[in-house]
Amino acid sequence: MICPHQTMLTKNVLQNRSHVLSALERSILEGAIAETRTYAAGEVAVHQGMVVNISLLLVAGFMTRHIDAPDGRRHLVGIHLPGDFVDLHAYALKKLDHDVGALTDVTVAVIPHTALERIQAVHDHLTRQLWFLTLLDAAIHRQWIYRLSGLNALERVAHLLCEMNARLLAIGLSDGNSFSLPMTQVDIGEVCSITNVHVNRVVRQLREMGLCTIKAAQVEIHDLKGLAAAGQFDPHYLYLNEQIAQRVTGRIPETL
Amino acid sequence: MKAPRAIFKPCSAPGKATVEAGIVLLDGPDGVAVAMTVECAEGTAASLREAVALARARAPASASAPAQRPDTDGARQSQP
(Lines give C-alpha, C1' and ligand atoms only; values in the text may rest on other atoms or scores of the structure.)
Protein backbone atom coordinates (compact mmCIF):
# COMPACT_ATOMS: atom_id res chain seq x y z
CA MET A 1 0.00 0.00 0.00
CA ILE A 2 1.41 3.38 -1.00
CA CYS A 3 0.55 6.31 1.20
CA PRO A 4 -0.18 9.70 -0.47
CA HIS A 5 3.03 11.24 0.89
CA GLN A 6 5.17 8.48 -0.64
CA THR A 7 3.41 8.86 -3.97
CA MET A 8 4.75 12.38 -4.12
CA LEU A 9 8.36 11.18 -4.06
CA THR A 10 8.47 9.81 -7.61
CA LYS A 11 5.98 12.17 -9.22
CA ASN A 12 8.65 13.95 -11.29
CA VAL A 13 10.37 10.84 -12.62
CA LEU A 14 10.09 10.83 -16.44
CA GLN A 15 7.50 13.60 -16.40
CA ASN A 16 6.72 14.84 -19.92
CA ARG A 17 9.42 12.73 -21.54
CA SER A 18 9.19 10.50 -24.59
CA HIS A 19 9.36 7.53 -22.21
CA VAL A 20 7.00 7.51 -19.22
CA LEU A 21 6.19 5.37 -16.23
CA SER A 22 2.84 3.62 -15.90
CA ALA A 23 0.94 4.08 -12.64
CA LEU A 24 1.90 0.55 -11.65
CA GLU A 25 5.59 1.14 -12.42
CA ARG A 26 5.53 4.36 -10.42
CA SER A 27 4.02 2.55 -7.44
CA ILE A 28 6.64 -0.21 -7.72
CA LEU A 29 9.37 2.44 -7.69
CA GLU A 30 7.73 4.10 -4.70
CA GLY A 31 7.76 0.77 -2.94
CA ALA A 32 11.51 0.48 -3.50
CA ILE A 33 12.21 3.62 -1.48
CA ALA A 34 13.69 2.78 1.90
CA GLU A 35 13.85 6.27 3.40
CA THR A 36 14.26 9.94 2.64
CA ARG A 37 17.25 12.08 3.57
CA THR A 38 18.00 15.76 3.49
CA TYR A 39 21.27 17.50 2.71
CA ALA A 40 22.10 21.13 3.25
CA ALA A 41 23.35 23.30 0.38
CA GLY A 42 27.04 22.62 -0.14
CA GLU A 43 27.04 19.15 1.41
CA VAL A 44 28.41 16.23 -0.56
CA ALA A 45 25.94 13.34 -0.60
CA VAL A 46 28.08 10.84 -2.47
CA HIS A 47 31.86 11.08 -2.53
CA GLN A 48 33.98 10.08 -5.50
CA GLY A 49 35.44 6.60 -5.02
CA MET A 50 33.15 5.71 -2.09
CA VAL A 51 31.59 2.25 -2.36
CA VAL A 52 27.82 2.66 -2.50
CA ASN A 53 24.94 0.22 -2.28
CA ILE A 54 22.11 2.73 -2.63
CA SER A 55 20.99 5.18 -5.32
CA LEU A 56 19.43 8.56 -4.66
CA LEU A 57 16.34 9.95 -6.34
CA LEU A 58 16.19 13.73 -6.05
CA VAL A 59 12.80 14.77 -4.68
CA ALA A 60 13.29 18.50 -4.03
CA GLY A 61 16.08 21.00 -4.71
CA PHE A 62 19.04 21.10 -7.07
CA MET A 63 22.10 18.81 -6.98
CA THR A 64 25.34 18.67 -8.92
CA ARG A 65 27.75 16.15 -10.25
CA HIS A 66 31.13 17.73 -9.91
CA ILE A 67 34.79 16.97 -10.25
CA ASP A 68 37.45 18.74 -8.22
CA ALA A 69 40.47 19.28 -10.45
CA PRO A 70 44.01 18.97 -9.02
CA ASP A 71 44.47 22.74 -9.43
CA GLY A 72 41.61 23.32 -6.99
CA ARG A 73 38.99 24.29 -9.53
CA ARG A 74 35.59 22.64 -9.33
CA HIS A 75 33.94 21.61 -12.57
CA LEU A 76 30.19 21.12 -12.53
CA VAL A 77 29.62 18.29 -14.98
CA GLY A 78 25.95 17.80 -14.24
CA ILE A 79 22.98 19.61 -12.72
CA HIS A 80 20.16 17.53 -11.30
CA LEU A 81 16.57 18.53 -10.76
CA PRO A 82 13.65 16.87 -8.96
CA GLY A 83 12.79 13.56 -10.59
CA ASP A 84 16.41 12.79 -11.52
CA PHE A 85 18.25 9.79 -10.16
CA VAL A 86 21.49 11.48 -9.27
CA ASP A 87 23.53 8.28 -9.13
CA LEU A 88 21.55 5.45 -10.70
CA HIS A 89 24.74 4.54 -12.57
CA ALA A 90 26.21 3.62 -9.18
CA TYR A 91 23.93 0.56 -9.27
CA ALA A 92 26.25 -0.90 -11.90
CA LEU A 93 29.46 0.98 -11.13
CA LYS A 94 29.31 0.63 -7.30
CA LYS A 95 31.52 3.68 -6.91
CA LEU A 96 31.45 7.00 -8.69
CA ASP A 97 34.13 8.86 -10.59
CA HIS A 98 32.71 12.18 -9.36
CA ASP A 99 31.07 13.71 -6.31
CA VAL A 100 27.34 14.33 -5.99
CA GLY A 101 26.56 17.45 -4.01
CA ALA A 102 23.64 19.57 -2.89
CA LEU A 103 23.47 22.88 -4.73
CA THR A 104 20.52 23.90 -2.56
CA ASP A 105 18.98 22.28 0.48
CA VAL A 106 17.66 19.03 -0.93
CA THR A 107 15.50 16.02 -0.14
CA VAL A 108 16.36 12.67 -1.68
CA ALA A 109 14.68 9.29 -1.67
CA VAL A 110 17.02 6.39 -0.96
CA ILE A 111 16.63 3.23 -3.04
CA PRO A 112 18.83 0.30 -1.99
CA HIS A 113 20.51 -1.60 -4.79
CA THR A 114 18.92 -4.78 -3.46
CA ALA A 115 15.54 -3.24 -4.30
CA LEU A 116 16.77 -2.36 -7.79
CA GLU A 117 17.93 -5.97 -8.19
CA ARG A 118 14.40 -7.15 -7.40
CA ILE A 119 12.97 -4.74 -9.96
CA GLN A 120 15.47 -5.91 -12.54
CA ALA A 121 14.56 -9.54 -11.89
CA VAL A 122 10.80 -9.09 -12.19
CA HIS A 123 9.88 -5.90 -14.09
CA ASP A 124 11.44 -5.83 -17.55
CA HIS A 125 9.76 -2.64 -18.78
CA LEU A 126 10.43 -0.66 -15.63
CA THR A 127 14.05 -1.80 -15.83
CA ARG A 128 14.24 -0.45 -19.37
CA GLN A 129 12.77 2.87 -18.21
CA LEU A 130 15.42 3.10 -15.50
CA TRP A 131 18.04 2.30 -18.12
CA PHE A 132 16.54 5.10 -20.21
CA LEU A 133 17.17 7.49 -17.30
CA THR A 134 20.89 6.73 -17.32
CA LEU A 135 20.95 7.05 -21.10
CA LEU A 136 19.27 10.42 -20.73
CA ASP A 137 22.08 11.46 -18.39
CA ALA A 138 24.58 10.35 -21.03
CA ALA A 139 22.76 12.32 -23.73
CA ILE A 140 22.93 15.45 -21.59
CA HIS A 141 26.63 14.88 -20.94
CA ARG A 142 27.25 14.58 -24.69
CA GLN A 143 25.44 17.85 -25.27
CA TRP A 144 27.52 19.53 -22.55
CA ILE A 145 30.70 18.39 -24.31
CA TYR A 146 29.39 19.95 -27.51
CA ARG A 147 28.49 23.11 -25.60
CA LEU A 148 32.02 23.50 -24.26
CA SER A 149 33.84 22.58 -27.43
CA GLY A 150 31.77 24.35 -30.03
CA LEU A 151 30.09 27.37 -28.46
CA ASN A 152 31.43 30.72 -27.31
CA ALA A 153 30.69 32.19 -23.89
CA LEU A 154 27.37 33.82 -24.77
CA GLU A 155 26.19 30.75 -26.65
CA ARG A 156 27.14 28.46 -23.76
CA VAL A 157 25.16 30.47 -21.20
CA ALA A 158 22.18 30.84 -23.55
CA HIS A 159 22.24 27.08 -24.18
CA LEU A 160 22.39 26.33 -20.45
CA LEU A 161 19.46 28.66 -19.71
CA CYS A 162 17.38 27.05 -22.46
CA GLU A 163 18.17 23.59 -21.13
CA MET A 164 17.27 24.51 -17.56
CA ASN A 165 14.03 26.11 -18.76
CA ALA A 166 13.17 22.94 -20.69
CA ARG A 167 13.95 20.53 -17.88
CA LEU A 168 12.15 22.67 -15.31
CA LEU A 169 9.13 23.10 -17.58
CA ALA A 170 8.89 19.31 -17.88
CA ILE A 171 8.45 19.00 -14.11
CA GLY A 172 6.27 22.09 -13.68
CA LEU A 173 8.94 24.35 -12.16
CA SER A 174 9.02 26.78 -15.09
CA ASP A 175 6.08 28.43 -16.76
CA GLY A 176 8.00 28.29 -20.02
CA ASN A 177 9.48 31.76 -19.67
CA SER A 178 10.42 32.28 -16.06
CA PHE A 179 11.92 30.06 -13.41
CA SER A 180 14.05 30.05 -10.30
CA LEU A 181 17.66 29.15 -10.94
CA PRO A 182 19.51 28.89 -7.62
CA MET A 183 22.92 29.13 -9.26
CA THR A 184 25.47 31.86 -8.65
CA GLN A 185 27.48 33.33 -11.50
CA VAL A 186 30.38 31.21 -10.21
CA ASP A 187 28.21 28.08 -10.54
CA ILE A 188 27.18 29.03 -14.08
CA GLY A 189 30.85 29.65 -14.86
CA GLU A 190 31.77 26.20 -13.54
CA VAL A 191 29.18 24.64 -15.87
CA CYS A 192 30.26 26.72 -18.87
CA SER A 193 34.02 26.70 -18.11
CA ILE A 194 34.25 30.49 -18.01
CA THR A 195 35.05 32.89 -15.20
CA ASN A 196 32.36 34.65 -13.19
CA VAL A 197 33.58 37.90 -14.77
CA HIS A 198 32.81 36.41 -18.17
CA VAL A 199 29.42 35.19 -16.95
CA ASN A 200 28.64 38.66 -15.63
CA ARG A 201 29.40 40.22 -19.00
CA VAL A 202 27.37 37.59 -20.89
CA VAL A 203 24.37 38.04 -18.59
CA ARG A 204 24.49 41.77 -19.32
CA GLN A 205 24.75 41.10 -23.06
CA LEU A 206 21.74 38.77 -22.95
CA ARG A 207 19.78 41.49 -21.18
CA GLU A 208 20.88 44.18 -23.65
CA MET A 209 19.93 41.89 -26.54
CA GLY A 210 16.43 41.65 -25.05
CA LEU A 211 16.68 37.87 -24.67
CA CYS A 212 16.51 37.37 -20.90
CA THR A 213 17.29 38.81 -17.51
CA ILE A 214 18.72 37.06 -14.46
CA LYS A 215 18.11 38.76 -11.17
CA ALA A 216 18.15 37.35 -7.64
CA ALA A 217 18.28 33.76 -8.93
CA GLN A 218 15.20 34.35 -11.07
CA VAL A 219 15.41 33.95 -14.85
CA GLU A 220 12.95 35.82 -17.05
CA ILE A 221 13.10 34.91 -20.72
CA HIS A 222 11.80 37.72 -22.92
CA ASP A 223 12.46 36.15 -26.31
CA LEU A 224 12.52 32.36 -26.14
CA LYS A 225 13.05 31.85 -29.86
CA GLY A 226 15.88 34.37 -29.82
CA LEU A 227 17.53 32.80 -26.78
CA ALA A 228 17.30 29.31 -28.34
CA ALA A 229 18.82 30.65 -31.54
CA ALA A 230 21.60 32.43 -29.61
CA GLY A 231 22.46 29.20 -27.80
CA GLN A 232 21.97 26.96 -30.85
CA PHE A 233 19.63 25.04 -28.58
CA ASP A 234 17.78 22.02 -29.93
CA PRO A 235 15.99 20.03 -27.19
CA HIS A 236 16.11 16.67 -29.01
CA TYR A 237 18.69 15.30 -26.54
CA LEU A 238 16.30 15.79 -23.60
CA TYR A 239 13.78 13.31 -25.04
CA LEU A 240 10.83 15.48 -24.04
CA ASN A 241 7.33 14.78 -25.23
CA GLU A 242 6.41 16.62 -28.40
CA GLN A 243 4.34 19.37 -26.79
CA ILE A 244 7.02 20.34 -24.29
CA ALA A 245 9.76 20.06 -26.92
CA GLN A 246 7.95 22.57 -29.11
CA ARG A 247 7.24 24.93 -26.24
CA VAL A 248 10.86 25.14 -25.10
CA THR A 249 11.97 26.59 -28.39
CA GLY A 250 9.05 29.04 -28.54
CA ARG A 251 7.13 27.19 -31.21
CA ILE A 252 4.00 26.82 -29.07
CA PRO A 253 3.25 29.95 -27.02
CA GLU A 254 0.43 28.63 -24.82
CA THR A 255 1.03 27.61 -21.24
CA LEU A 256 1.21 24.02 -20.04
CA MET B 1 18.98 15.95 -48.19
CA LYS B 2 21.71 16.12 -45.59
CA ALA B 3 24.23 18.95 -45.80
CA PRO B 4 27.82 17.88 -46.46
CA ARG B 5 29.87 17.43 -43.29
CA ALA B 6 31.97 20.45 -42.42
CA ILE B 7 35.47 19.58 -41.25
CA PHE B 8 37.50 21.23 -38.53
CA LYS B 9 39.79 23.76 -40.11
CA PRO B 10 41.66 26.91 -39.10
CA CYS B 11 39.38 29.80 -38.18
CA SER B 12 39.08 32.68 -40.59
CA ALA B 13 36.94 35.02 -38.46
CA PRO B 14 38.99 36.72 -35.72
CA GLY B 15 38.07 36.61 -32.04
CA LYS B 16 37.11 39.74 -30.16
CA ALA B 17 38.91 40.92 -27.04
CA THR B 18 37.15 43.12 -24.51
CA VAL B 19 37.72 44.33 -20.97
CA GLU B 20 35.49 43.58 -18.00
CA ALA B 21 36.42 44.55 -14.45
CA GLY B 22 40.09 44.82 -15.35
CA ILE B 23 40.15 41.38 -16.96
CA VAL B 24 40.72 40.80 -20.66
CA LEU B 25 38.03 38.57 -22.16
CA LEU B 26 38.59 36.82 -25.45
CA ASP B 27 35.53 35.55 -27.29
CA GLY B 28 36.35 33.56 -30.37
CA PRO B 29 37.65 32.66 -32.76
CA ASP B 30 35.31 29.69 -32.89
CA GLY B 31 34.43 28.38 -29.39
CA VAL B 32 37.20 30.20 -27.54
CA ALA B 33 35.96 31.81 -24.32
CA VAL B 34 38.73 32.78 -21.97
CA ALA B 35 39.41 35.39 -19.32
CA MET B 36 42.99 36.62 -18.86
CA THR B 37 44.88 38.89 -16.55
CA VAL B 38 46.50 41.84 -18.29
CA GLU B 39 49.90 40.14 -18.10
CA CYS B 40 48.53 36.89 -19.50
CA ALA B 41 46.81 38.75 -22.35
CA GLU B 42 50.00 40.68 -23.12
CA GLY B 43 52.04 37.48 -23.27
CA THR B 44 49.43 35.75 -25.40
CA ALA B 45 49.22 38.72 -27.77
CA ALA B 46 53.03 38.78 -28.14
CA SER B 47 53.12 35.05 -28.82
CA LEU B 48 50.34 35.39 -31.39
CA ARG B 49 52.20 38.21 -33.15
CA GLU B 50 55.39 36.15 -33.26
CA ALA B 51 53.53 33.18 -34.72
CA VAL B 52 51.77 35.40 -37.27
CA ALA B 53 55.11 36.85 -38.39
CA LEU B 54 56.54 33.35 -38.74
CA ALA B 55 53.50 32.12 -40.67
CA ARG B 56 53.73 35.09 -43.04
CA ALA B 57 57.47 34.53 -43.53
CA ARG B 58 56.81 30.91 -44.48
CA ALA B 59 53.81 31.64 -46.67
CA PRO B 60 55.63 32.00 -50.05
CA ALA B 61 57.45 28.65 -49.64
CA SER B 62 54.37 26.75 -48.54
CA ALA B 63 52.21 28.24 -51.31
CA SER B 64 53.80 25.94 -53.89
CA ALA B 65 54.14 22.95 -51.55
CA PRO B 66 51.60 20.11 -51.46
CA ALA B 67 48.63 20.68 -49.17
CA GLN B 68 49.54 20.03 -45.54
CA ARG B 69 47.38 19.36 -42.56
CA PRO B 70 47.30 22.59 -40.55
CA ASP B 71 48.54 20.77 -37.45
CA THR B 72 51.79 19.50 -39.04
CA ASP B 73 54.83 21.45 -37.90
CA GLY B 74 57.42 23.31 -39.92
CA ALA B 75 60.20 20.80 -39.22
CA ARG B 76 58.26 18.03 -40.87
CA GLN B 77 57.53 20.23 -43.89
CA SER B 78 61.25 20.85 -44.43
CA GLN B 79 62.13 17.13 -44.48
CA PRO B 80 62.74 15.55 -47.90
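**Q** Quick one: what's the story with the pairing of strand β4 (residues 63-68) of chain A, residue by residue and with numbers?
**A** Residues and elements named next belong to chain A. Sheet analysis places β4 next to strand β5 (residues 74-80), joined by six bridges and oriented antiparallel. Bridge pairing in β5 links threonine 64 to isoleucine 79. Hairpin geometry of β4 and β5 is characterised by an intervening segment of five residues between the two adjacent antiparallel strands and by a positive phi of about 95 degrees at glycine 72.

**Q** Can you lay out the nonpolar core for me, pointing to particular residues and giving the numbers?
**A** Inside soluble globular proteins, nonpolar side chains tend to come together where they are buried. Residues and elements named next belong to chain A. Val157, Leu161 and Leu227 are the most contacted members of the largest nonpolar core, which totals 69 residues. Among the elements that line this core, the one with the most residues is helix α6 (residues 153-170), at twelve residues. Sequence-distant contacts of valine 157, defined by excluding residues within four places in its chain, comprise Ile188, Cys192, Val199, Val202 and Leu206.

**Q** Tell me about the confidence of the model for chain A, and please be specific about residues and values.
**A** Residues with a pLDDT of 70 or more make up 96% of chain A, whose mean pLDDT is 93. Between the elements of chain A, mean pLDDT differs from a low of 62, seen in helix α1 (residues 4-9) of chain A, to a high of 98, seen in strand β10 (residues 218-221) of chain A.

**Q** Break down the sheet that holds β4(A) for me, with residues and values.
**A** Residue and element names in this part refer to chain A. Pairing is antiparallel in the open sheet, where four strands are placed in the order β2-β6-β4-β5. Of all the strands in the sheet, just β2 (44-46) and β5 have a single pairing partner and so form its edges. Averaged over all pairs of adjacent strands, the angle between strand axes in this sheet comes to 35 degrees, irrespective of strand direction. Bridge count between β4 and strand β6 (residues 99-102): four bridges; the pairing is antiparallel. Paired with arginine 65 across the bridge in β6 is valine 100.

**Q** Got a sec to walk through the packing of helix α7 (residues 185-192) of chain A against helix α8 (residues 196-208) of chain A? Specific residues and values, please.
**A** Residue and element names in this part refer to chain A. Between α7 and α8, the least distance of the axes is 8 Å, while the angle of their chain directions is 100 degrees. In terms of their interaxial angle, α7 and α8 are classed as roughly perpendicular. Touching Gln185, Val186, Ile188 and Gly189 of α7 are Asn196, His198, Val199 and Asn200, all from α8. The residue inventory of the contact of α7 with α8, partitioned by class, reads three nonpolar, five polar and no charged.

Rules of the game
- Residues numbered from 1 in each chain as written.
- Chains lettered and ligands numbered in written order.
- Predicted model: local features only at pLDDT ≥ 70, side-chain atom pairs only at ≥ 80, totals over all residues.
- Pairing = 2+ DSSP bridges.
- Helix = DSSP H or I, 4+ residues; strand = E, 2+ residues; numbered from the N terminus.
- Core = buried A, V, L, I, M, F, W, Y, C linked by C-beta atoms within 7 Å.
- Buried ≥ 20, exposed ≤ 12 C-beta atoms within 10 Å, placed from the backbone.
- Contact = placed C-beta atoms within 7 Å.
- pLDDT = per-residue confidence, 0-100.
- Axes fitted to C-alpha atoms, helices over the stretch in contact; angles between N-to-C directions.
- Parallel < 35°, antiparallel > 145°, perpendicular 65-115°, else oblique.
- Nonpolar A, V, L, I, M, F, W, Y, C, P; charged D, E, K, R; others polar.

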